[in-house]
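Tertiary structure, described
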Amino acid sequence: MIGAAWQWIRSQPLSVGLSVLLHVVIGALLIMGTSLHGANPHDMPGRGNEHQPIQAVVVNSTDYEAAEDSIKKAQQDKEAHASKLKAEAEQAQKAREKAERELTQLKKQRQSTASDVANQQKQLKDQSQQLQQLKDQALKMAQERKAYQDKIAKLKAQAEQAQKAQAAEKARLEKAKKEAEAARKAQVQAQMQAEQEAAIKKARGNWVAAIIHKVSSNWIRPPDTPQGLDCNVHITLLPSGDVVAAKMGQCNGSSVVVQSIITAVNKASPLPTPEDPQAFSRQITFEFVPGQ
Amino acid sequence: MRKLVLFPLAAVFAIAAAATARADLVIKITQGVNQPTPVAVVPFAWNGSQPAPVDVANVVASDLLRSGLFAPLPRGKMLAQPNADSKINFANWKAVSVNDLVVGSIDVTGDTAQIRFRLFNVYTGQQLVGYSLPAKVNDLRFAAHQVADMIYQKLTGRPGAFATRIAYIRHDGTGKGSTWDLVIADSDGANTQALVKSSGLLMSPDFSPSGDRIAYVQFENDQSHIYIQNVDTGQRKIALKHAGVNGAPAFSPDGKTLAVVLSTRPGDPDIYLLDLATGQLQQLTHSPAIDTEPAWTPDGKNIIFTSDRGGSPQLYEMPITGGKAQRITWDGSYNARASVSPDGKSVALVHRENGSLKIALLDLATGNMTMLTNGPTDVSPSFSPNGAMILYSTGSGNQRRLATVSVDGQVHEELTGAAGALSQPVWGNIP
């Protein structure tokens, strides 16, 4: 019984504190009231003994005077004493009223404290319930929040994935575009190159024909040029067409034929130049093969 | 001049060349030109107290021109006239497109001249020949022909035949006052010398292979005789003196036999072989037709002669050992007077075409005949000893002259010579 109460007190310190204080105050007031009534039961101004009986004494003038003075003085003292008593009574009355008021108040307070406790308990209960509710709510919210977070995370992941996919697609498209561009460029370049090569080839063909014409025109065939003559002469050409070196390669002809060939290629200098400088060749080998 | 025809071929090789574009460009030259080689023979410097009796460079240039293989630059086109001691500026010669250049100097001491000459390839600057040869001042012309021969040989690879002699018959005057001379001259017709002077008809001279003797026909009292005369001493002897026609003597390549024509019966001349050592005569042909104008093949094994045994004069060939004569000319109704080339591959002859007598060349291997002259009276062809030219007579009457034609028919040159009708030329061997 005591343990449970203690437990309760511990759990309700404010309420217990208040009720203890209340009991103490009430106890103190009860003791004070008793002593007040015991010590001055007649001094209570409110009970009609405002004039106490006076002992008469004859006195000469001087004595009268003295007596008068003394009476006066006593009167005065009595009056002072009565005023004092009256003040004291009033004071006590006031204190009692105050105590009563306080008691009432305390009662009130006690009552309100009890109801407060109940209220508090109810409140506590409510609070507990609320708390539970809140807890539940919080849990629910936490769950919801988690679900929400999960959802967000999922959405975020999805978004990221989508973004990644988009980026990948973009990269792919970019790459494809680049590749297509490169392919197109390569094709254009290949075509240009092909055209250029064709042009060079044509220029070279024309050039070679012009060279053949000039060298042939300058080759005076010796009368004894043998059938099946096959002589090579290597020449080095400047871009101007000037033959700077003519070196005889293999030759099955006589020294006269060799002379005629060397003379022909030198006399043909400067050789024609190609219309396209790229068709130019610095090294040329002439094969003198008449009749082939 | 043959035109250069090379455009279709050029296209083909252009393609071939383009195919090997990146490597060394290889270009085939399949055509050349058949043109005389342009040369320059600069007047030789003459270092002598007397004026030069002969323009040596001019003789050389004329020889080269006559060969048909060279086109000497006229002196007026020479930008410089260097001599044997000059430093040559080849640009001067490239500028006038000559392939080869001849410069020379002649230093005279007393009656002896020293001819120094140099031959250069203008385009390589290379000296092909540098030579110094002595000569008598009064024999400078022949020395000039020797210079021409050396140049010719160097540039053609063939021996030259300018320093050789020719013989021919000169007929002057008419009727009873007529005279006939057997003339010997340089190959260009200059430097003439009458070896035989005769009031009777002279015919058919022929040099011995060594050139020291000449066989010929002389009519005396309407009788023809065949004489052989030493060129240097003038001594002569009758080789044949038969009744009837004695004609057309021809020395064999070894000089030991003389082919002759005899007509023991009127109108039936035949070819005989006369052994000069023994005087023995051997009949070669036996046809009833006319067989005449014998010519030896270079190997001395066969005789090519003219015969009308087929109805018209044609050339036949038969071995000197006898046997059947083979007809070798088939084109036209008149082919006569054979002269066999030194290499034995072709025959120069007289061909009649539309009444015009022309010198023609017969290829013995193919039977193809090429006209070398235009006529109308070109006769008596005789090959030069190097086979590059043919000497013949052209024109008629007192205007009959001697001329040469190159074997490709490209160059015709009339020879200088004495007045009178010049006929029956024969070209002597290279000494």
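Refer to the structure printed above.
These lines cover the structure that appears in this document, whether it is placed above or below. (Residues numbered from 1 in each chain as written. Chains lettered and ligands numbered in written order. Predicted model: local features only at pLDDT ≥ 70, side-chain atom pairs only at ≥ 80, totals over all residues. Heavy atoms only, no water.)

Things to note about the pattern of salt bridges
A side chain of one charge can pair with a side chain of the opposite charge when the charged atoms of the two come close. Heads up, the condition is: Whenever a carboxyl oxygen of Asp or Glu lies within 4 Å of a side-chain nitrogen of Lys or Arg, that contact is scored as a salt bridge. Secondary structure elements follow DSSP: runs of H or I no shorter than four residues count as helices, runs of E no shorter than two count as strands, and numbering proceeds from the N terminus.
Scanning all chains against the criterion turns up 16 salt bridges over all chains. For E169 of chain A, the salt bridge is made with R172 of chain A, and the minimal N-O distance between the two is 2.9 Å. Of this pair, E169 of chain A and R172 of chain A both sit in helix α3 (residues 61-218), 3 residues apart, which is roughly one turn of that helix. Here R184 of chain A makes a salt bridge to E181 of chain A, at a shortest N to O gap of 3.0 Å. Placement of both R184 of chain A and E181 of chain A in helix α3 is noted, with a separation of 3 residues, approximately one turn of the helix. It is possible to trace a salt-bridge network through shared partners that takes in D85, D107 and R116 of chain B.

Let's talk about the interface of chain A and chain B
Applied cut-off: Contacts are assigned to residue pairs that have any heavy atoms within 4.5 Å of one another. By definition, the buried area sums, over both parts, the 1.4 Å-probe accessible area that each loses when the two are put together. For this analysis, a polar contact is any N or O atom pair within 3.5 Å, provided that within protein one partner can donate a hydrogen and the other can accept it, and provided that sequence-adjacent residues contribute only side-chain to side-chain pairs. Each residue gets one label: Ala, Val, Leu, Ile, Met, Phe, Trp, Tyr, Cys and Pro are nonpolar, Asp, Glu, Lys and Arg are charged, and the others, such as Gly, are polar. Strand pairing is assigned whenever DSSP detects at least two bridges linking the two strands.
Taken together, the contact pairs 34 residues of chain A with 38 residues of chain B. Note on chain A versus chain B: buried area summed over both sides is about 3,300 Å², and carbon and sulfur give 60% of it. If you sort the residues of chain A by the area they bury against chain B, I212, I220 and K267 of chain A come out on top, with a joint share of 18%. At the junction of chain A with chain B, the criterion picks out 0 salt bridges. For the interface between chain A and chain B, the tally reads 16 residue pairs in polar contact (both at pLDDT 80 or more). Secondary structure elements with two or more residues in the side of chain A that touches chain B: α3, α4 (255-267) and β3 (283-288) of chain A. A per-element tally of the side of chain A that touches chain B places α3 of chain A first, with 12 residues. Its residues assigned to classes, the side of chain A that touches chain B shows 16 nonpolar, 12 polar and 6 charged. Sheet topology places β3 of chain A next to strand β1 (residues 25-29) of chain B; 5 bridges connect them, and they run parallel.

So, helix α2 (residues 56-66) of chain B
Residue and element names in this part refer to chain B. As a reminder, the rule being used: Each residue gets one of three labels from its accessible area relative to the maximum for its type: buried under 20%, exposed over 50%, partly exposed in between, using a 1.4 Å probe on protein chains only.
Across the 11 residues of α2, 8 count as buried, placing the element largely inside the fold. Those residues of α2 that fall on the buried side of the exposure criterion are V56, A57, V59, V60, A61, D63, L64 and R66. One or two steps after α2, the chain reaches G68, where phi turns positive at roughly 85 degrees.

Observations regarding the packing of aromatic side chains
By convention here, two paired aromatic rings are described through the distance between centres and the angle between planes. Applicable threshold: Between the rings of Phe, Tyr and Trp (Trp by its six-membered ring), a pair exists once the centres lie within 6.5 Å; its type follows the angle of the planes, with under 30 degrees stacked, over 60 edge-to-face, and the other angles tilted. Placement of a charge over a ring requires the Lys NZ or Arg CZ to be within 6 Å of the ring centre, with the centre-to-atom vector within 35 degrees of the ring normal.
What the rule picks out here adds up to 9 aromatic pairs over all chains. Taking 5.0 Å as the distance between ring centres and 80 degrees as the angle between the ring planes, the aromatic pair formed by W219 of chain A and F288 of chain A counts as edge-to-face. Here the residue W219 of chain A occupies a position in the loop between α3 and β1 (231-237), and F288 of chain A occupies one in strand β3, the gap between them amounting to 69 residues. Accessibility assignment for this pair places W219 of chain A and F288 of chain A in one class, buried. Residues Y152 of chain B and F162 of chain B carry aromatic rings whose centres are separated by 5.5 Å and whose planes lie at 90 degrees to one another, so their mutual orientation is edge-to-face. Here Y152 of chain B, found in helix α4 (residues 140-156), pairs with F162 of chain B, found in the loop between α4 and β8 (165-172); they are 10 residues apart in sequence, far enough to count as distant. Y152 of chain B gets classed as buried once you look at its relative accessible area, which sits at 1%. An aromatic cluster is defined as three or more aromatic residues linked by ring pairs; in this entry it consists of W219, F286 and F288 of chain A. Positioned above the aromatic ring of Y316 of chain B, the side-chain terminus of R309 of chain B is 5.1 Å from the ring centre.

Observations concerning the sheet that holds strand β18 (residues 281-283) of chain B
All names here are of chain B. Put simply, the rule is: As a rule, the C-alpha atoms of each element are fitted with a line to give its axis, helices using only the stretch in contact, and angles between N-to-C directions run from 0 to 180 degrees.
Strand order in the open sheet formed by 4 strands is β15-β16-β17-β18, with antiparallel pairing between adjacent strands. In the strand order of this sheet, the two ends are held by β15 (246-251) and β18, each with one partner. In this sheet, adjacent strand axes meet at a mean angle of 25 degrees when their direction is disregarded. Pairing analysis gives 6 bridges linking strand β16 (residues 257-262) to strand β17 (residues 270-275), with the strands arranged antiparallel. Among the inter-strand pairings, V261 is bridged to a residue of β17, identified as I271.

Things to note about the pairing of strand β14 (residues 236-240) of chain B
Residue and element names in this part refer to chain B. Bridge analysis of strand β13 (residues 223-230) against β14 gives 4 bridges, and the strand direction is antiparallel. Pairing of I228 across the sheet is with K237, part of β14. A loop of 5 residues connects β13 with β14, the two strands running antiparallel in sequence, and G234 in this loop sits at a positive phi of about 85 degrees.

So, the pairing of strand β27 (residues 379-383) of chain B
Residues and elements named next belong to chain B. A large share of β27 lies buried, amounting to 5 of its 5 residues. In terms of strand pairing, β27 meets strand β28 (residues 389-394) through 3 bridges, oriented antiparallel. From the neighbouring strand, V379 faces β28, where its bridge partner is S393. Between β27 and β28, which pair antiparallel one after the other, the connecting turn spans 5 residues, and G387 there sits at a positive phi close to 75 degrees.

What about the environment of I184 of chain B?
Residue and element names in this part refer to chain B. Examined against the element boundaries, I184 turns out to sit in strand β9 (residues 179-186). Put simply, I184 and W427 are 243 residues apart on the chain and 9.9 Å apart in space, counted from C-alpha to C-alpha. Excluding anything up to four places from it in sequence, I184 contacts R165, I166, A167, N191, T192, Q193, L195, I214 and V231.

Re the side chain of R170 of chain B
Residue and element names in this part refer to chain B. Counting through the fold element by element, R170 comes out in strand β8. Residue class for R170 comes out buried when judged on its relative accessible area of 14%. Side chain to side chain, R170 and D181 meet in a polar contact 2.5 Å long.

Let's talk about the nonpolar core
The criterion, for reference: Throughout, nonpolar core names a set of buried Ala, Val, Leu, Ile, Met, Phe, Trp, Tyr and Cys residues whose side chains join them through atoms within 4.5 Å. Where each domain begins and ends follows an automated or database-derived domain assignment.
F44, V60, L64 and I151 of chain B are the most contacted members of the largest nonpolar core, which has 43 residues in total. At 8 residues, the largest contribution of residues to this core is made by α4 of chain B. Lining this core are residues from two domains, each supplying at least three of them: domain 1 (7-29 + 163-429) and domain 2 (35-156) of chain B. In this view, F44 of chain B contacts V56, A57, V102, V103, G104, S105, I106, I115, F117 and V147 of chain B; residues no more than four positions away in its chain are not counted. Counting residues in hydrophobic clusters, the runner-up holds 25 residues, among them L237, A264, L271 and F288 of chain A.

Some points on the packing of α2 of chain B against α4 of chain B
How two helices pack is summed up by the angle between their axes together with the distance between the axes. Residue and element names in this part refer to chain B. Note the following rule: For classification purposes, an angle smaller than 35 degrees is called roughly parallel, one larger than 145 roughly antiparallel, one from 65 to 115 roughly perpendicular, and anything else oblique. A clockwise turn of the near helix away from the far one marks a right-handed crossing, whereas an anticlockwise turn of less than a right angle marks a left-handed crossing.
Two elements in contact, α2 and α4, have axes separated by 8 Å at closest approach and are oriented at 50 degrees. Taken together, the axis directions place α2 and α4 in an arrangement best described as oblique. Handedness of the crossing formed by α2 with α4: right-handed. Contacts between α2 and α4 involve V56, V59, V60, D63 and L64 from the first element and L140, R141, A144, H145, V147, A148, I151 and Y152 from the second. Of the residues in the contact of α2 with α4, the class split is 10 nonpolar, 1 polar and 2 charged.

Examining the side chain of S356 of chain B
All names here are of chain B. Secondary-structure assignment places S356 in strand β25 (residues 356-363). Residue S356 is classed as buried on the basis of its relative accessible area, which comes to 11%. Beyond its immediate sequence surroundings of up to four residues, S356 is in contact with H351, N374, G375 and P376.

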